[in-house]
Amino acid sequence: MRPLSEQQQRLLKHPAGYTVRGRVRVLGPDDTWHDLTNLFGRDFLEGVDVDESLNSPVGQATVRVLREVRGLSLAPLMTSSRANNLGSGYAPLLDPNRLFRVEVALGPPRQLATDPVWLPLFFGRIDSVDSGNPDVISFVGRDMGGVLQDVWTDEEQVYGSDAGVPLETVCNTILADAQLPEFALYTPEASTQALGKYKQDYEPTMDALSKLAAGRGWEVRGKLRPDTGDWGLWLWGPDRAASTPAWTYTADDYEYLGEFRVGLEDIRTAVEVVYPDASDLDAAGQPKRKTVRRESAAALARYGYLNSAGQRLHRLMRVTEGATTNIRSATEAGRLADAALADLSTTDIGASVEVQHHPALELGDLVALSANGINFSSEQRLAVRQVTHRLSSTSGRTALRLLGKPALGPRVWLSLEGRPGIAPGSPFTGPAAPSGLTVTNSVTGAVLLFTAPSITSGGPAAEEYELHVYDSPGTPLSSATRRSVSSSTSFDLTGLTAGTSLYARVRSRDRRGNVGPASAELTLAPKYVSPGVLLPKVTVGALPLNGELEALTDSSSPPDTVTLLGGTWGSDVVASTDSYAGVRSVLFPAGMATATLYWQVFTVREGEQWAFSTWFKQGTASVRSGTLGINWLSSLSGAVDFSSVPLGGASTPANIWQRGVVSAAVPVGARYAEVLVQKWSGYAGALTVDSVDALRQQAFELWRDVTWQNSWLPYNQAIYGPVRYRKNDSGEVWVKGVAGAPSPAPAANSTMFTLPSGYRPGERRLWATSTGTALVDVEVLPDGTVRVPSIAAGGRLTLDMVRFQADF
């Protein structure tokens, strides 16, 4: 049990009870811990569940917070929220990979402590954030052991030695090699176990450590360290001989027994360990395979089947160790068999109880339940196998699953039973493998179908199925590869990258969580979008995509690539055959609510000039009916600017197609554009929309000043500006401005200026212009010379009409 002060122990034993306060703190982008029960004076915490189980190597916490309190939002995509701008710029406070802590404080009965002492209850990372609920945001995280599930050992390596290396030393070396030295194991009791040479496979670091520890009857788990008062990774084994309860509950303390049962599923009366004996080699120099067996006479007498011949039959567990395993002697194999038999040879009563919050109970603690006169007449002493704390900022409860004596979870042991490929699997380790896997690849992902294992396969019935997805064929399955869990025989995957092959396997598990062998491996190959994927006659080369609204693959939803906000498809907005082009348009019916259509976002470049247009017609004349707008975005959700034009107006006729146009330059900082059409809030009539276009205009380089020759100068520059030239993307040269002739009059064919290489025509070009009193020609020669045959002194010469295709 975690340490408690004398005052805290008195509170927990107070006959009138005690008060509980919970809080959750998140480490923000400013490297400051932010309390969600007092964030800018607001309490966002709705509730938090912290769950630990002996059947899982890591704990998990689920936190639920209010989306908004007094105008302050925690929604991650609210970019202007103060809660999402705690650092140097926008950064969501609730974001995957952020560290968070769950803490609890105890107080006197019916009082909340004003200066509480906070006890640590959980420390971990946010794994996922769900902000889809309109009122509540939830996030889920594993404790820091989850890091070891995510980080794999880099490569196959040999650990141990012929002389033997202490178990904790090997574990810490594995952590260091995985670049996780900060997780060095806390070992309050030396293992006194030495490992010989063995090859460590490429697998999640937690799996590697758990196998080493479980093989000796121990486990690796994140626990609160008494020496530091903070969380750390322990190499730890239960006190199997414990007899003194860590805590006692009277019949009045626990509300009900949610479960009070015994069963044979996890019982074993004998354990065999098949191992290679490194001290006894065969003629080829390989270790001979030998067997150590341990039996429990008491367990056999109580749980063994009595056959017709009067014999008791064992419930046997066989662990078959591989040739490169670290179990290499009779002593080590016997130690493994003894620990497994001690944990699996009894089936003491199991119970589920809910009590007032207890922050100090840990997995493996022995708890006493006083007799209640209904379920049992004498005190029962049971070990904590699972603990769930449910907290809010003002209350707390603890749910306990209790079973037998302190031990490791049965799943830890039974996962070692009958290694695939070496020994047959036990029917108690999970259902048979699913079969008949088929996949239908799509643009957005894949649909995977399979057949459930037959009840004649010899294993238990499958209750759920795990889908594992990974990058490389043959990757070992683990918590790191698990993608989804479902009770149906299909998985619908989304968010896959088109053109990238992934690999998948499915395995079954029964109602108690026993996992069976995996199915055959299947390849997933999500496809790229191609014109053939869309409906015929849809323009896929124009922007925005499906601007003609022809693709409508789901009649119950808006056209493809179009999103509807602020209204309901099928009533406020409907598909129509009254179109300007093609066969389909979109109609905002008269008398319905205001709504907005958003087309799929596309990329733009800063400084480009775009023209956006739509064809529309309205049922009521001479009024504004809608808006054509463009959201300029710095990211897929970060707004930079907005450009728009009203649709309709005082001179707009009824029921005649009209064109609305927005011309705009891409503003500074914008990388994406999102086109929208909105029915005007003050308009009650019908509005039909079709043919939405986004056309990038020819881009020009910056204007360049000419270098004057032969005393030519700009004419009245203060009014007409300087004479300049530039070129666009198509190589077309434009000249602008008014030239002023020198005085006295220039010579015939006087050169005004010369265009540089790259801005010259391939042949002589001629334009007629006016001096204000006479018509003259302007010539541009292939060498870049710009000249006029003759002009009077002081005359002016307009050059705005000089445009040509550059050839040199």
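One structure accompanies this document, and this report is about it. (Residues numbered from 1 in each chain as written. Predicted model: local features only at pLDDT ≥ 70, side-chain atom pairs only at ≥ 80, totals over all residues. Heavy atoms only, no water.)

1. Digging into the overall build of the protein
Within the protein one finds eight helices and 56 strands. Here the C-alpha atoms of the protein give a radius of gyration of 38 Å, more than 25% beyond the 28 Å that 2.2 N^0.38 yields for 808 residues. When its C-alpha atoms are laid out on the principal axes, the protein stretches across 130 × 75 × 55 Å. Counting the 808 residues in the protein, one finds 48% classified as buried. Taking contacts inside the protein between residues at least 6 apart in sequence as the whole, the part at least 24 apart equals 68%. In the structure as shown, the protein presents an accessible area of about 36,900 Å², 49% of it carried by carbon and sulfur atoms. (Helix = DSSP H or I, 4+ residues; strand = E, 2+ residues; numbered from the N terminus. Rg over C-alpha atoms; globule rule 2.2 N^0.38 Å. Buried < 20%, exposed > 50% of the residue type's maximum accessible area, 1.4 Å probe, protein only. Contact = heavy atoms within 4.5 Å. Areas by Shrake-Rupley, 256 points an atom, 1.4 Å probe, with all protein chains shown as cover.)

2. Let's talk about the sheet that holds strand β28 (residues 445-451)
Strands sit in the order β27-β28-β31 across an open sheet of three strands; the sheet is antiparallel. Whereas interior strands pair on both sides, the edge strands pair on one side only; in this sheet they are β27 (435-441) and β31 (490-494). Recorded for the sheet is a direction-independent mean angle of 15 degrees between the axes of neighbouring strands. Here β28 runs beside β31; their pairing, made up of five bridges, is antiparallel. Looking across to β31, one finds that L449 is bridged to S490. (Pairing = 2+ DSSP bridges. Axes fitted to C-alpha atoms, helices over the stretch in contact; angles between N-to-C directions.)

3. Considering the nonpolar core
One finds V24, F100 and L369 to be the most contacted residues of the largest nonpolar core, which totals 53 residues. The next biggest cluster of nonpolar side chains, apart from the first, holds 32 residues, and it includes L549, W599, V604 and L687. (Core = buried A, V, L, I, M, F, W, Y, C linked by side-chain atoms within 4.5 Å.)

4. Comments concerning the side chain of S53
Mapped onto the secondary structure, S53 falls in strand β3 (residues 45-53). Residue contacts for S53: discarding those within four places in its chain leaves R221, L363, R385 and Q386.

5. Focus: the packing of aromatic side chains
As enumerated under the stated definition, the model contains 17 aromatic pairs in all. The rings of F602, W610, F612 and W632 are connected pair by pair, giving a single aromatic cluster. The ring centre of W680 lies 3.4 Å from the NZ or CZ of R624, which sits over that ring. Seen from the ring of W734, R726 lies directly overhead, with NZ or CZ sitting 5.7 Å from the centre. (Phe/Tyr/Trp six-rings, centres within 6.5 Å; stacked < 30°, edge-to-face > 60°. Lys NZ or Arg CZ within 6 Å of the ring centre and 35° of its normal.)

6. Quick word on helix α3 (residues 167-177)
In an α-helix, one turn spans 3.6 residues; hence positions three or four apart end up facing the same way. Residues L167, E168, V170, C171, I174 and L175 constitute the buried set of α3. The buried residues of α3 occupy an angular sector of 160 degrees when the element is viewed end-on, so they sit on one face. Two residues or fewer past α3, Q179 is found with a positive phi of approximately 65 degrees. (Arc of directions from axis to C-beta.)

7. Concerning helix α6 (residues 330-344)
Between the first and last C-alpha of α6 there are 21 Å, a value that for 15 residues agrees with the 21 Å anticipated at 1.5 Å per step. What α6 keeps buried is the set E332, A333, G334, L336, A337, A339, A340, L341, D343 and L344. (Expected span 1.5 Å × (residues − 1).)

8. Considerations on the sheet that holds strand β36 (residues 574-576)
What links the strands of a sheet is backbone hydrogen bonding, and the strands pair in either a parallel or an antiparallel sense. What the five strands build is an open sheet, ordered β36-β37-β45-β40-β43; its pairing is antiparallel. Of all the strands in the sheet, the pair left with one neighbour each is β36 and β43 (658-665). Put simply, the sheet's adjacent strands are angled 35 degrees from each other on average, direction ignored. Inspection of the sheet shows strand β40 (residues 609-618) paired to β43 by eight bridges, in the antiparallel sense. Bridged to A611 within β43 is S663.

9. A look at the environment of Y90
Along the chain, Y90 falls in the loop between β6 (72-73) and β7 (99-107). A relative accessible area of 37% places Y90 in the partly exposed class. Those residues in contact with Y90, other than ones at most four positions away along the chain, are P76, L77, M78, T79, N84 and N85. A distance of 2.6 Å separates a polar side-chain atom of Y90 from the backbone oxygen of P76. (Polar contact = N/O pair within 3.5 Å; in protein donor to acceptor, adjacent residues only side chain to side chain.)

10. Here we look at the pairing of β3
On a regular strand, each side chain points to the face opposite its neighbour's, so the side chains alternate between the two faces of the sheet. Where β3 lies against strand β4 (residues 60-66), six bridges are found, and the strand directions are antiparallel. Across the sheet, the residue bridging to L45 is V65, located in β4. Counting the residues between successive antiparallel strands, the hairpin from β3 to β4 contains six residues. Judged from the six bridges that link them, β3 and strand β25 (residues 380-391) form a sheet pairing that is antiparallel. Within β25, the position partnered with E52 by the bridge is V387.

11. Some remarks on the pattern of salt bridges
Considering all chains together, one arrives at 36 salt bridges under this definition. Across the pair D230 and R101 runs a salt bridge whose closest N-O atoms are separated by 3.1 Å. Note that D230 is positioned in the loop between β14 (219-224) and β15 (231-236) and R101 in strand β7, a separation of 129 residues in sequence. Between E272 and R293 there is a salt bridge, with its nearest N and O atoms 2.5 Å apart. Residue E272 is located in strand β18 (residues 270-281), and its partner R293 is located in strand β19 (residues 287-295); the two are separated by 21 residues in the primary sequence. Taking relative accessible area as the criterion, E272 reaches 11% and is therefore assigned buried. In this structure, a network of salt bridges that share partners links the residues R2, E52, K223 and E362. (Salt bridge = Lys/Arg side-chain N within 4 Å of Asp/Glu carboxyl O.)

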